[in-house]
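Structural overview for review
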Amino acid sequence: MACAALAVGIGLGACSPGADDAGAGEEVVDRRARRVVSLIPAATEILFALGAGNRLVGRTRWGVHPPEAVGVPDVGDGIRPSLEAVIARSPDLVVLFEGPDNEGVAARLADLGVASLSLRHNSLADLRRNVVALGEAVGCPAAAAALDARIAADLGAVAEATRGVDRVRVYYDVWADPPMTIGRGSFLDSLIALAGGRNVFGHLERPSPRVGLEAIVAGDPDVIVRPIRADAVDDAPLGERAGWETIRAVATNRIVYIDADLLGRLGPRVGEAALGLAAALHPELRLPSLPPPERLACPG
Amino acid sequence: MSEPIFRCRGLTFAYPGASSPAIRDLDLDIGAGRMTALIGPNGAGKSTLVRLLAGTVRPDRGAVAFLGRPLADWRRTELARTLAVVAQEPPPAIPQSVTDYVSLGRNPYVSPWAALAASDERIVEQALARVGLSDLADRRLTDLSGGEIQRAKLARALAQEPEVVILDEPTAHLDIGHALWAFETVADLVDRGMTALCVTHDINLASRYATDLVLLSEGRAGAGAGPAEVLSPVALERAYGCPVEVLDRGELGIVVLPASRSMAGRPRR
Amino acid sequence: MPGVRGRAAGLAILLTALATALVVGLTLGNVRIPPGQVWSALTGGETEPAIASIVRAIRLPRVTAGALTGAALAVSGTLFQALLRNPLAEPYLLGVSSGAAFGAVASLTLGAGALSGPAGTTVFALAGGLLAIVIVFRVAWTVGRVDPRVLILAGVVVSAFFGAGVMLLLALSRGDAFRSAVLWTMGSLERATWPGVAALAGCLAVAAGVSFAMARHLNALSLGEEAAAHLGTDVELVKRVAYFVASLAAAATVSLAGVIGFIGLVVPHAVRMIWGADHRILIPFAMLAGAAALVLADAVAQAAARPLVLPVGVVTAVLGVPLFLVLLRRSHV
């Protein structure tokens, strides 16, 4: 992660985590990014949690959490973003999803002399690395360490609470038609495990596999989790899907709706998401309440 | 003259968007049991006249009567049992056998989904035999030569058992041997009672085999008459816009030779 | 060219192929179930409830939808190729698929509640497909006749327009509709429900019946419109009716299963190469071949990477194109 900070400091191009080869012995200047455009909603949330929300000069249209984030100017989409809208914010750092869609963006930003930080954003380990990387980028490693510790503690508390329970079999209904779920590549798979469940398609080595209806029925999950936006209605009620009536979760009406905004974000609230999932999967458990997030400060 | 097969009165037709009509105010009678040859320069309206007579386009003004009835009153299948057209059409894009192709001539007689009856198949075989294609019946149409395709087209028309056949440029792309065969075959059909209207550029063969000749020029027709009257150097020169020499070769017919525009006064070699 | 005997043999071959495909499709699904249990689930014998559910409520409607969709695409493609005398003609040529995709994506992104549910999406897709066709025909219909050249051009342009409309809706939509919409345009038989299957069966029956009843007129049209008129065909009437039923069949398949390429283009060609261009034979044979091909392709899509499902349109192309190229090479068309 030194790479990111250095690259920021010398105002040079793209830098992915893990490419720790940026120039040693460069002139030491102030490395802290002061004008950040965050094209990852979860990174927006992390920066606010670090107390560095005031460094944000741009967010994606989806990056509306915490509520203060709404006040940050919206630059549009996070994948294949509008370079004009991003540059118009005169950023000194752009936070990007790492992936083929954004490779060209990072290169273009480098050409324009704007540093970027490309973050992989799939697993719980990615989250913790990203917290550290963002903390370093804005010059608040202490706050980042505290946030990282808090996330680890939250997840640990949930894991502790579900230790030894009978693991319920979970089908995570990303999309109904055609049926899409999550596999081992997704942090949601880890959250299900932490919450005392077992993803019926956890053996599939891909983040969002397109599976067969037959396989879902044969998988016979105990619980079906549906991420639903707070403002949405269920457009494909499970009970009405042909052939699903023999699934245990449907027969016993164990269908859990969880706020997609909470469950879909790999950010500081991931412990809260795990706890909510644990409560849904194991209503019989007495779960701890998580300590309220402490206010971190990021001076500068 | 008895009741004509076709009686055209005041026929006018312009293609949509065209500046001048392709056929204008045309009066024409085609006699029964005769072989009429329709000649004229390119763009004179010959193919348009064929379309008007076959009912595939409707005149803007005037009317065509076919066998004494307005053409517009004929149902398409009824018309196809009486009138066959051998048109200049591109070969079909989809491969099929010669027999299947000729069998299409039975379309006006059989229901659209039924198989051909044995009697229909016999008529198809006779049509193939009549044009000398029996040996090639199972070949693909696309494998035939130009002359053979022309024969297959004629066979398809014969399978319609028509009283009248219209042929649009039956000798186009044919060598002199095949062209002669085409005219002889049509003349033979006329001898057996059929009426034929043949649009052609081959004035020489037309003059030999046609009973009537019609010269079409700029959408108007001269009166149908015998070759000797129609093929006057003055009329041909006006129609074709080039000097011609007309030679009467007796039984071989009238031979029309274009003379070069610059030939006037040039000594013969 | 095959005679009566060749055609009888062809009918036997295609019926066997379809029967085999149906057995394979019902046996090989996304989940391994022993054939004996599949049989008893189908015949109402003793089985576990989950197996009965999978076979009767998921597999059987999917396989049935596959057979009907394959047949409908084949008859639609046959009609378009006959009407346009263009070997590249296929069911989606006139913008049916883009229009249907637009309707479906509109319901997914703009609709709420029942409108964006599976039934709403199907209805929107059908409406979108038919809308595209109506526009194309209004443009191509001049002075009492349909001009095939204008029709193709209008189809391509309208198709591009609705394709752009889909992209526009997706660009303005929230993230998760995007994935569904993209997958939707890839085609899948899994959304088949019995009411949807029944609706498709109705459209197919109309298209098949009407086109078979016009078989000799379609044969004549292969020579060109003027030649067909000389042979007694009421060309404009036949064209209007045939375009309508071909488009109806295509729209019905798109609204049920999305866009499944290759079947509607290639099956009619393959059948024509083997058994000739007589539509009295071609239409029923192409329907049987299309049904068998799609059911087999779907069986592969379901079973090749269990429990993942491959896009069935990809399987039809990957399996079918090499076979077709061999046929093309041998027939020298």
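Residues numbered from 1 in each chain as written. Chains lettered and ligands numbered in written order. Predicted model: local features only at pLDDT ≥ 70, side-chain atom pairs only at ≥ 80, totals over all residues.

1. Focus: the packing of helix α6 (residues 141-161) of chain A against helix α11 (residues 270-281) of chain A
Residues and elements named next belong to chain A. Two elements in contact, α6 and α11, have axes separated by 8 Å at closest approach and are oriented at 15°. Comparing the axis directions of α6 and α11 gives the class roughly parallel. Two packed elements cross with a definite hand, and for α6 against α11 that hand is left-handed. Here Ile151, Asp154, Leu155, Val158 and Ala161 of α6 lie close against α11, whose contacting residues are Val270, Gly271, Ala274, Leu275 and Ala278. (Axes fitted to C-alpha atoms, helices over the stretch in contact; angles between N-to-C directions. Helix = DSSP H or I, 4+ residues; strand = E, 2+ residues; numbered from the N terminus. Parallel < 35°, antiparallel > 145°, perpendicular 65-115°, else oblique. Left-handed = near helix turned anticlockwise from the far one by under 90°. Contact = placed C-beta atoms within 7 Å.)

2. Points about helix α2 (residues 41-49) of chain A
Residue and element names in this part refer to chain A. Of all nine residues that make up α2, nine are buried, and the element is covered over most of its length. All of the buried residues along α2 are Pro41, Ala42, Ala43, Thr44, Glu45, Ile46, Leu47, Phe48 and Ala49. Looking at the buried positions of α2, the neighbouring elements they touch are β2 (36-38), β3 (56-59), β4 (93-97), β5 (115-119), α5 (124-137) and α6. Looking at the residues trailing α2, positive phi occurs at glycine 51, about 80°. (Buried ≥ 20, exposed ≤ 12 C-beta atoms within 10 Å, placed from the backbone.)

3. Here's the deal with the confidence of the model for chain A
All names here are of chain A. Residues with a pLDDT of 70 or more make up 86% of chain A, whose mean pLDDT is 84. Strand β7 (residues 197-199) holds the highest mean pLDDT among the elements of chain A, 96, whereas helix α1 (residues 2-9) holds the lowest, 39. This stretch, residues 1-27, has a pLDDT under 50; its non-local contacts, to residues over four places away or in other chains, come to 56 contacts. (pLDDT = per-residue confidence, 0-100.)

4. Focus on the interface of chain B and chain C
Interfaces are frequently sized by the accessible area removed from exposure as the parts join. Contacts between the two partners involve 25 residues from chain B and, on the opposite side, 29 residues from chain C. Of all the elements, helix α2 (residues 76-82) of chain B adds the most residues to the side of chain B that touches chain C, at three residues. Of the residues in the side of chain B that touches chain C, the class split is 16 nonpolar, five polar and four charged. (Nonpolar A, V, L, I, M, F, W, Y, C, P; charged D, E, K, R; others polar.)

5. Some remarks on the environment of B:Gly33
Residues and elements named next belong to chain B. Relative to the assigned elements, glycine 33 resides in the loop between β2 (23-30) and β3 (35-39). Each C-alpha atom of the pair glycine 33 and isoleucine 176 lies 26 Å from the other, and the pair is 143 residues apart in sequence. Not counting residues up to four positions away in its chain, the partners in contact with glycine 33 are Val190, Gly193 and Thr195.

6. Quick look at the confidence of the model for chain B
Detailed reading of predicted coordinates is not advised where the pLDDT is low. Residue and element names in this part refer to chain B. Considering every residue of chain B, the mean pLDDT works out to 88; 94% of them sit at 70 or more. Mean pLDDT across the elements of chain B ranges from a minimum in strand β10 (residues 220-221), with 74, to a maximum in strand β6 (residues 83-86), with 96. The complex model carries a pTM of 0.85, and its ipTM stands at 0.90.

7. Regarding the nonpolar core
A:Leu50, A:Ala274, B:Cys198, C:Ala72, C:Ala249 and C:Ala289 are the most contacted members of the largest nonpolar core, which totals 274 residues. The element that contributes the greatest number of residues to this core is helix α3 (residues 49-84) of chain C, accounting for 21 residues. What B:Cys198 contacts, discounting residues up to four positions off in sequence, is B:Met35, B:Ala37, B:Leu38, B:Leu167, B:Pro170, B:Val186, B:Ala206 and B:Ala210. (Core = buried A, V, L, I, M, F, W, Y, C linked by C-beta atoms within 7 Å.)

8. Focus: the sheet that holds β7(A)
Residues and elements named next belong to chain A. Spatially, β7-β6-β8-β9 is the arrangement adopted by the four strands of the open sheet, whose pairing is parallel. Of all strands in the sheet, those with a lone pairing partner are β7 and β9 (255-259), marking the two edges. Direction aside, the axes of adjacent strands within the sheet are offset by 35° on average. Relative to β9, strand β8 (residues 223-228) is paired through five bridges, and the arrangement is parallel. From the neighbouring strand, valine 225 faces β9, where its bridge partner is valine 256. Along the sheet, helix α7 (residues 187-194) contacts β6 (168-172) and β7; its crossing angle with β7, the most-contacted strand, is approximately 150°. Each of β6, β7, β8 and β9 is contacted by α11, which is oriented at about 165° to β9, the strand it contacts most. (Pairing = 2+ DSSP bridges.)

9. Brief notes about the sheet that holds β3(B)
The strands that make up a sheet pair up through hydrogen bonds in the backbone, lying either parallel or antiparallel. All names here are of chain B. One open sheet holds the six strands; their spatial order is β6-β7-β8-β3-β9-β10, and the pairing between them is mixed. Of all strands in the sheet, those bounded by a partner on one side alone are β6 and β10. In this sheet, β10 lies alongside strand β9 (residues 212-217) in antiparallel orientation, the contact comprising two bridges. Along β10, the bridge assignment pairs serine 217 with arginine 220. Those strands touched by helix α6 (residues 176-191) are β3, β7 (164-168) and β8 (195-199), and its axis lies near 155° from that of β8.

10. Comments concerning unusual backbone geometry
Put simply, A:His65 and A:Pro66 share a cis peptide bond, and its omega is -5°. As for its placement among the helices and strands, A:Pro66 is situated in the loop between β3 and α3 (83-87). With an omega of 0°, the peptide bond running from C:Arg306 to C:Pro307 counts as cis. When you line up the elements, C:Pro307 lands in the loop between α13 (279-303) and α14 (312-331). Phi angles above zero are rare outside glycine, and A:Asp220 is one such case at about 45°. Position of A:Asp220 among the secondary structure elements: in the loop between α8 (213-219) and β8. Since 16 C-beta atoms lie within 10 Å of it, A:Asp220 is described here as partly exposed. In this model, B:Asp25 sits at a positive phi of 50°, which is unusual for a non-glycine residue. Structurally, B:Asp25 is set in strand β2. C-beta crowding within 10 Å serves as the criterion here: with 13 such atoms nearby, B:Asp25 is assigned to the partly exposed category.

11. Details of the pairing of strand β1 (residues 6-13) of chain B
All names here are of chain B. Here β1 pairs with β2 via five bridges, running antiparallel. Among the inter-strand pairings, leucine 11 is bridged to a residue of β2, identified as leucine 26. Sheet analysis places β1 next to strand β4 (residues 61-66), joined by five bridges and oriented antiparallel. In the strand pairing of β4, threonine 12 is matched with arginine 61.

12. Focus on the packing of helix α2 (residues 35-42) of chain C against α3(C)
All names here are of chain C. Two numbers describe how α2 lies on α3: the axes approach to 9 Å, and their chain directions differ by 75°. Here α3 runs roughly perpendicular to α2, going by the angle between their axes. Of α3, the residues touching α2 (which contributes Gln37, Val38, Ala41 and Leu42) are Ile51, Ala52, Val55 and Arg56. When grouped by side-chain class, the residues that make up the contact of α2 with α3 number six nonpolar, one polar and one charged.

13. With respect to α6(A)
Count 3.6 residues to each turn of an α-helix, and residues three or four apart come out pointing the same way. All names here are of chain A. The first and last C-alpha atoms of α6 sit 30 Å apart over 21 residues, in line with the 30 Å expected at 1.5 Å per residue. All of the buried residues in α6 are Ala143, Ala144, Leu147, Ile151, Asp154, Leu155, Ala157, Val158 and Ala161. Around the axis of α6, the buried residues are gathered within 155° of arc, so they sit on the same side. Those residues of α6 that are exposed and angled more than 90 degrees off the buried face are Ala149, Gly156 and Glu160. Buried residues belonging to α6 abut α2, α5, α7 and α11. (Expected span 1.5 Å × (residues − 1). Arc of directions from axis to C-beta.)

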